Amino acid sequence: MVFLSLLKRGLFGVHSSQPLITSSVRCCCVQSGIGRDSMRRKYLISSNFEQKASFHIHSPLVESEVFTERVGRRVLLKLDNVQPSGSFKIRGIGNTCKKAFESGKTKLVSSSGGNAGNAVAYAGKKLGMDVTVIVPSSTSKDVINKISRHGAHVEVHGSVWDEADEYARKLAEDPQAAYVHPFGQETTWEGHSSLVEEIKQDVKGKKPGLICVSVGGGGLLLGVFEGLDRAGWSDVPVLAVETIGADSLHQSMVKGSLVTLDDITSIAKTLGAKTVATKLFEECSKRPVFSVAVSDASCLKALKFFADTHRMLVEPSCAASFTPLLDQPILSAGLDVASLQGDIVVIVCGGMGVDLNAIEEWEKKVM
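Attention in this report is confined to the structure presented alongside it.

Definitions and cut-offs
- Residues numbered from 1 in each chain as written.
- Predicted model: local features only at pLDDT ≥ 70, side-chain atom pairs only at ≥ 80, totals over all residues.
- Heavy atoms only, no water.
- Pairing = 2+ DSSP bridges.
- Helix = DSSP H or I, 4+ residues; strand = E, 2+ residues; numbered from the N terminus.
- Axes fitted to C-alpha atoms, helices over the stretch in contact; angles between N-to-C directions.
- Expected span 1.5 Å × (residues − 1).
- Salt bridge = Lys/Arg side-chain N within 4 Å of Asp/Glu carboxyl O.
- Buried < 20%, exposed > 50% of the residue type's maximum accessible area, 1.4 Å probe, protein only.
- Contact = heavy atoms within 4.5 Å.
- Phe/Tyr/Trp six-rings, centres within 6.5 Å; stacked < 30°, edge-to-face > 60°.
- Core = buried A, V, L, I, M, F, W, Y, C linked by side-chain atoms within 4.5 Å.

1. So, the sheet that holds strand β7 (residues 210-214)
Taken in spatial order, the six strands of this open sheet run β1-β2-β10-β7-β8-β9, and their pairing is mixed. Because the sheet does not close on itself, it has two edges, and the strands there are β1 (61-63) and β9 (289-294). Adjacent strand axes in the sheet meet at a mean angle of 25 degrees when their direction is disregarded. Two strands pair when backbone bridges link them, and strand β2 (residues 75-79) and strand β10 (residues 344-348) are joined in this way by five bridges, in the parallel orientation. If you follow Val 75 over to β10, its bridge partner there is Ile 344.

Encoded structure:
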């Protein structure tokens, strides 16, 4: 896990785990009689460092020789699995949390199946804000513990994310609290759009032929759309991938109207939104988007293939994005690889809810 060790050493420029408020600032607060919170806020907002810095890193974009050989076209991997919080979520969630802080809020409340909550906890810790994350009962103890390590209060409510989210919204009625949706806020989409900006920088403006991305509630894909528009790449085709049993977008596009799933039955629980964002469905009808749903078995096979060939572990929700490049239901989505006009870019979105034990459990469920 080379990238993870590099992150721990700070070789990618990741901020340290130390609080942003130094001891000298705390002393100043005490000696002058100024309230700690007000001084902290004044310090952070006026600080050039805080205004310029982001909670995410510019993640690597690397060519995958293995996938390139398989597909017959150059494949680039955008490795957002090396982000400080473990996934792409810190891009958009970090932006939303920062804006909440700047507006005067002191608390953050979010609902999550794991990765969004971890991003909120990470950003809240950096900002010195109180964080409450509501997770469904399907969330593993390991994921809950990882979120808690950032100092967040984690509460289990409901069996699926939708139920956890309803409860989180009630808690966020506190006037000092900001509600942080895991995928449905414009500030979050804006933050996720930075991913495409980085891709454009790294390929020196050369337009890709296809972008492959996993879809859950839709926040990442909406951010990709915004980034494509800013880059002047609105015509770039997008392959939106879900797993069967968490395929609310795919079913919606087939039906021609929003579909709400009865339940999330896929092992890719972090793709588990029973209904995608309304704006996502609307945008997909206007753009060159090809939707495909892959099986849990195919996704798990791709996950293990990726670990063997690229030496990185990712969640099934992340592995979904490159599963079509192995089993090639890409053709059933109406795409002809030979006709693509550029490289294929796969967004490896990451996810902290994976280890060897988790993979063994997923294998048992799939078999």
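This is not the end of the story, as more comes after the structure.
2. Observations concerning helix α15 (residues 296-310)
Over its 15 residues, α15 extends 20 Å from the first C-alpha to the last, a length consistent with the 21 Å expected when each residue adds 1.5 Å. Just downstream of α15, Arg 311 is the residue with a positive phi angle, here 60 degrees.

3. Details of the pattern of salt bridges
Counted under the stated rule, the structure contains 17 salt bridges. Between Arg 74 and Asp 343 there is a salt bridge, with the nearest N and O atoms lying 2.9 Å from each other. Highlighted residues: Arg 74 in the loop between α5 (65-71) and β2 and Asp 343 in the loop between α17 (324-327) and β10, separated in sequence by 269 residues. Asp 343 gets classed as buried once you look at its relative accessible area, which sits at 12%. Residue Glu 363 pairs with Lys 304 through a salt bridge whose shortest N-O separation is 2.6 Å. Of this pair, Glu 363 sits in helix α18 (residues 356-366) while Lys 304 sits in helix α15, placing them 59 residues apart in sequence. Overall, the relative accessible area of 24% leaves Glu 363 in the partly exposed class.

4. What to know about the environment of Arg 169
Note that Arg 169 resides in helix α9 (residues 161-171). According to the relative accessible area criterion, Arg 169 is partly exposed, its value standing at 42%. Remark: the alpha-carbon pair of Arg 169 and Ile 134, spanning 35 residues in sequence, is separated by 9.8 Å. In contact with Arg 169, not counting residues within four places along its chain, are Tyr 179 and His 181.

5. What about the packing of aromatic side chains?
Inspection of every chain in the model, using the stated rule, returns four aromatic pairs. Judged by centre distance (5.2 Å) and plane angle (45 degrees), the rings of Trp 161 and Phe 183 are tilted. Of this pair, Trp 161 sits in helix α9 while Phe 183 sits in the loop between β6 (177-180) and α10 (186-192); the two residues are 22 residues apart in sequence, bridging distant segments of the chain. Across the pair, exposure class does not vary: Trp 161 and Phe 183 are buried alike.

6. Examining the nonpolar core
One recurring pattern in soluble globular proteins: nonpolar side chains tend to sit buried together. Counting residues in hydrophobic clusters, the biggest one holds 70 residues, and the most contacted among them are Phe 67, Leu 221, Leu 280 and Val 346. Look past the residues within four positions of Leu 221 in its chain and what remains in contact with it is Val 213, Val 215, Val 238, Ala 240, Leu 249, Leu 280 and Cys 284. Counting 26 residues, the second largest nonpolar core, distinct from the first, contains Ile 93, Phe 101, Ala 152 and Ala 178.

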